[in-house]
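# Fold and geometry: a report
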Amino acid sequence: DAQIEFNNKFPNLKAKYRLNNGEEKEYIDSIKISEASEFSFVLENEKNEYSAAETRSFTKSILQKASKVKKPKAGLKYKYYEGMWESMPDFNQLKEKAEGTAFDFSIRDQALREDNWALVYTGYIKIEEEGLKIFRINAEDDDCRFYINEKLVADKNTIIKGQQVGAVFLKKGYHPVRIEYFEKE
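The present account deals with the structure reproduced in this document. (Residues numbered from 1 in each chain as written. Predicted model: local features only at pLDDT ≥ 70, side-chain atom pairs only at ≥ 80, totals over all residues. Heavy atoms only, no water.)

Check the secondary structure of the protein chain and you find zero helices and 15 strands. In summary, the protein chain has a C-alpha radius of gyration of 21 Å against a globular reference of 16 Å for 185 residues, an excess of more than 25%. Seen along its three principal axes, the alpha-carbon backbone of the protein chain occupies a region of about 60 × 40 × 25 Å. Sequence separation of at least 24 residues holds for 65% of the intrachain contacts in the protein chain that already meet a minimum separation of 6. Accessible surface computed for the protein chain: about 12,900 Å², of which carbon and sulfur atoms make up 46%. Measuring between centres, the 31 positive side-chain charges of the protein chain sit 8 Å from its 33 negative side-chain charges. (Helix = DSSP H or I, 4+ residues; strand = E, 2+ residues; numbered from the N terminus. Rg over C-alpha atoms; globule rule 2.2 N^0.38 Å. Contact = heavy atoms within 4.5 Å. Areas by Shrake-Rupley, 256 points an atom, 1.4 Å probe, with all protein chains shown as cover. Lys, Arg positive; Asp, Glu negative; His and termini not counted. Charge placed at Lys NZ, Arg CZ, Asp CG, Glu CD.)

Take a look at the structure:
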C-alpha cells in the first residue's frame, strides 16, 4: 500500500481530488492506495473557481534485481546514426555510421552534424544503495527513451512539471541501461 499526500501551500484554497475518475472529494488527509491508480486534483477558491487539473499516475513497482557483471568497464558504448525521422527510428532496421565508448555524458561529443542524427547508448549503471531511483532526461524538442533492465523508465510521455521523469526500484549492483536519443532539428 502507498499514501498520497498533497501539500496545499494556499490556505485560502480548497484542494479537491478524484481517484481513478471517481467522485470528487475535498482533500483533508493522506489517501491510501493499494493498486495502480490515477490521482487528479484541483484547487478551488471562495468563488467556486477551479484551477486546471493536475493528474498523476501511480503504478506498483517491483524491486528489480541487479545483473552479475564480472569485469565492469568504464563508459557507455554508443552507436551513432544519421537520417531524417519524424519520430524515434527503429534502430534494429538501421546501420550505424559510427560507434565507440563515451566516458562523459555529453551527447553532442558523438554527433557528427547539427541535425538529423540519433544515438543509442548501452552499458551498465552501478547502484550503490537499494531503493527508489528517479531519473530525468532532457530531450527538449527532440526525443529520448531511457531503459533499465530492458524496461522503459522515462520518455516523452513521462512528463511531470515539464520534465521527462521516471522512477524504478533497484537492488544494489549493476543494471543494464539503454538510452535512445534522436535530434531532428
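What follows covers the pairing of strand S9 (residues 117-127). Direction of pairing for strand S7 (residues 76-82) relative to S9: antiparallel, over a ladder of six bridges. Bridging from a neighbouring strand, Tyr80 pairs with Leu119 of S9. (Pairing = 2+ DSSP bridges.)

Moving on, we get to the sheet that holds strand S5 (residues 37-44). Strands in a sheet are paired, the pairing made by backbone hydrogen bonds, and the direction either parallel or antiparallel. Spatially, four strands are ordered S3-S2-S5-S6 in an open sheet, and the strand pairing comes out antiparallel. One side of each edge strand has no neighbouring strand; the edge strands of this open sheet are strand S3 (25-26) and strand S6 (54-58). Direction of pairing for strand S2 (residues 14-19) relative to S5: antiparallel, over a ladder of six bridges. What sits directly across from Tyr17, in S5, is Phe41.

The next point concerns the side chain of Glu180. Mapped onto the elements of the fold, Glu180 is located in strand S15 (residues 173-183). Polar contacts involving the side chain of Glu180 include one to the side chain of Arg178, which spans 2.8 Å. Beyond its immediate chain neighbours, meaning those up to four positions away, Glu180 contacts Met88, Phe91, Leu119, Val120, Asp143, Cys144, Arg145 and Tyr147. (Polar contact = N/O pair within 3.5 Å; in protein donor to acceptor, adjacent residues only side chain to side chain.)

Moving on, we come to the sheet that holds strand S12 (residues 151-154). Spatial ordering of the open sheet is given by S8-S7-S9-S15-S11-S12, a layout of six strands whose pairing is antiparallel. The open sheet has two edge strands, strand S8 (98-102) and S12, and neither has a second partner. Pairwise comparison of adjacent strand axes, ignoring direction, gives a mean angle of 25 degrees for this sheet. Pairing geometry for S9 and S15, over 11 bridges, is antiparallel. Following the sheet pairing, Gly123 is matched in S15 by Val177. (Axes fitted to C-alpha atoms, helices over the stretch in contact; angles between N-to-C directions.)

The residue Val42 is located in strand S5 in this model. We classify Val42 as buried; its relative accessible area is 12%. Put simply, Val42 and Lys77 are 35 residues apart on the chain and 45 Å apart in space, counted from C-alpha to C-alpha. (Buried < 20%, exposed > 50% of the residue type's maximum accessible area, 1.4 Å probe, protein only.)

Moving on to the nonpolar core. One recurring pattern in soluble globular proteins: nonpolar side chains tend to sit buried together. Formed by 23 residues in total, the largest nonpolar core has its most connected members in Trp117, Leu119, Tyr121, Phe135, Phe146 and Ile148. Looking at this core, the elements that each hand over two or more residues are S7, S9, strand S10 (131-137), strand S11 (143-148), S12, strand S14 (163-170) and S15. Ranked by residues supplied to this core, first place goes to S9 with four residues. (Core = buried A, V, L, I, M, F, W, Y, C linked by side-chain atoms within 4.5 Å.)

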